[in-house]
Structures are given as C-alpha cells and as structure tokens.
Amino acid sequence: NISNSKSLGSRQKSKDVFAVKCMYAYNNKGNYLNVLNEIHILQTISKSREEYRNNFKNRQQNMADYGNEAVLYEQSTSKRRTIFKKNDFEIDESSFVFDFITSWKHENGYYIISDYYENGTLNDFIQNQIKNKDFKFDDFRIWKIIVEVCHGLNFIHKHCSIVHLDLKPSNIFV
C-alpha cells in the first residue's frame, strides 16, 4: 500500500470512498479455504494495526511528555551539524498496509470492503504510465516505492507474524 505516496501522482486515497471485492468460493473445498484464509489474514492485520497504532501514539506522547534525546548528525563534507530527536525517525509502518474494513458472506460470494485506491495497483499504475509516456521513474520515486513496500512488509512480519508469499506489483495498491 503506497497510497500516501506523493511521489506517485497528485491524487490521494479518499476517506469517503470504499472498494468492494467479491470472491466466489464455488463448491471447491480448496478455493473455499483460500477465500476464508485471505479474510482471516486481513482481519488479523486489521486487529494488529489497531493495537500497533495505539502503542505508537502512546510512545509518541510519552516522548513528548518526558523529553526526547537529541541525536547529533554531522556531515563530514560541509562540517554542518544537524540535531534530530529520536522520534523524528519513527514511522507508523501500519500506514503502508492494505486497509481492510469488514467482510461478509452472501450466497456463494464473500465480500470484502476496503479503502479505495484511485490509482489501482502498482502494476496498473506502471502500465498506464507506459501507455501515456508522460511519466519517468526517477531514482527517488523507485527508492520511495521500495522503502514503503519494505515498511509494509516489516509491519506484517514483525507485528502480525505473517509472511507475504505473493509479492508482485499487482498486489501492491497505490
């Protein structure tokens, strides 16, 4: 989820628009279990995200209340000194993960509601840029995408104990 990435265009995800995905389980037991497993994983991530965000806010508040150690950063070439605070480097990694809202079953279909991502997937975004020929990926944009994907993966690995086994551009929302 790179939805908050300003490097990918001017459009941001909307807070009032949602996406609905329907997955049909048919009468195939393996497909049925895959659908239920995907929903369970999304619920697990959503629950972990709530806990993580509460802890993250508490840590930020505690650092603000009790002071925050300064870290000195010195550039050797220009001999400039910059002072940062430790929490200047803390990032809410849960914001780089797909936003699951709820799910339900209706007849043979399982429905998932999530936030709507205007640019679709990273694959769609890249294909549209290739067709339009009006966009060039510079190094900054490429590294920003890589860093944001890594933050999302770190969150699901570290806080949800989930390993993403199907990482590809069509599974990354922008």
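Residues numbered from 1 in each chain as written. Predicted model: local features only at pLDDT ≥ 70, side-chain atom pairs only at ≥ 80, totals over all residues. Heavy atoms only, no water.

## Re the overall build of the protein
Here is step 1 of the chain: Across its full length, the protein holds three helices and five strands.
Here is step 2 of the chain: When the elements of the protein are put in sequence order from the N terminus, they spell out β-α-β-β-β-β-α-α.
Here is step 3 of the chain: Looking at the protein as a whole, 30% of its 174 residues qualify as buried.
Here is step 4 of the chain: Summarising the internal contacts of the protein: among those between residues at least 6 apart in sequence, 67% fall at separations of at least 24.
Here is step 5 of the chain: Surface accessibility of the protein: about 12000 Å² in total, with carbon and sulfur atoms responsible for 52%. (Helix = DSSP H or I, 4+ residues; strand = E, 2+ residues; numbered from the N terminus. Buried < 20%, exposed > 50% of the residue type's maximum accessible area, 1.4 Å probe, protein only. Contact = heavy atoms within 4.5 Å. Areas by Shrake-Rupley, 256 points an atom, 1.4 Å probe, with all protein chains shown as cover.)

## Observations regarding the pairing of strand S5 (residues 109–115)
Here is step 1 of the chain: Here S5 lies mainly inside the structure; seven of its seven residues are buried.
Here is step 2 of the chain: In terms of strand pairing, strand S1 (residues 18–24) meets S5 through seven bridges, oriented antiparallel. Bridge pairing in S5 places Tyr 24 opposite Gly 109.
Here is step 3 of the chain: Direction of pairing for strand S4 (residues 100–106) relative to S5: antiparallel, over a ladder of six bridges. Directly across from Phe 100, in S5, lies its bridge partner Ser 114.
Here is step 4 of the chain: In sequence, S4 turns back onto S5 through a hairpin of two residues, with Glu 107 there showing a positive phi of about 55°. (Pairing = 2+ DSSP bridges.)

## Some words on the pattern of salt bridges
Here is step 1 of the chain: Enumeration according to the criterion identifies four salt bridges in this entry.
Here is step 2 of the chain: Linking Asp 99 and Arg 49 is a salt bridge whose minimum nitrogen-to-oxygen distance equals 2.9 Å. Taken together, the residues Asp 99 in the loop between strand S3 (80–85) and S4 and Arg 49 in helix H1 (residues 29–66) connect sequence positions 50 residues apart.
Here is step 3 of the chain: A relative accessible area of 10% places Asp 99 in the buried class.
Here is step 4 of the chain: Arg 49 sits in the buried class, given a relative accessible area of 7%.
Here is step 5 of the chain: Among the ionic pairs, Lys 144 bridges to Glu 148, the shortest N-O distance being 3.4 Å. Taken together, the residues span about one helical turn, with Lys 144 and Glu 148 both in helix H3 (residues 139–158) at a distance of four residues. (Salt bridge = Lys/Arg side-chain N within 4 Å of Asp/Glu carboxyl O.)

## A look at H3
Here is step 1 of the chain: Taking 1.5 Å of rise per residue, the 20 residues of H3 would be expected to cover 28 Å, and the 28 Å separating its terminal C-alpha atoms lies within 8% of that figure.
Here is step 2 of the chain: Those residues of H3 that sit buried are Ile 145, Glu 148, Val 149, His 151, Gly 152, Phe 155 and Ile 156. Within H3, the buried residues cover an arc of 150° as seen down the axis, which keeps them to one side. Turned more than 90 degrees from where H3 packs its buried face, Asp 139, Phe 140, Trp 143 and Lys 158 sit exposed. (Expected span 1.5 Å × (residues − 1). Arc of directions from axis to C-beta.)

## Quick notes on the confidence of the model for the protein
A low pLDDT means the predicted coordinates there should not be read in detail.
Here is step 1 of the chain: Of the residues in the protein, 71% reach a pLDDT of 70 or more, and the chain-wide mean stands at 76.
Here is step 2 of the chain: Mean pLDDT across the secondary structure elements of the protein bottoms out at strand S2 (residues 70–75), with 56, and peaks at H3, with 90.
Here is step 3 of the chain: Long-range and interchain partners of residues 1–14, a stretch whose pLDDT sits below 50, account for 47 contacts in this model, where long-range means more than four residues apart. (pLDDT = per-residue confidence, 0-100.)

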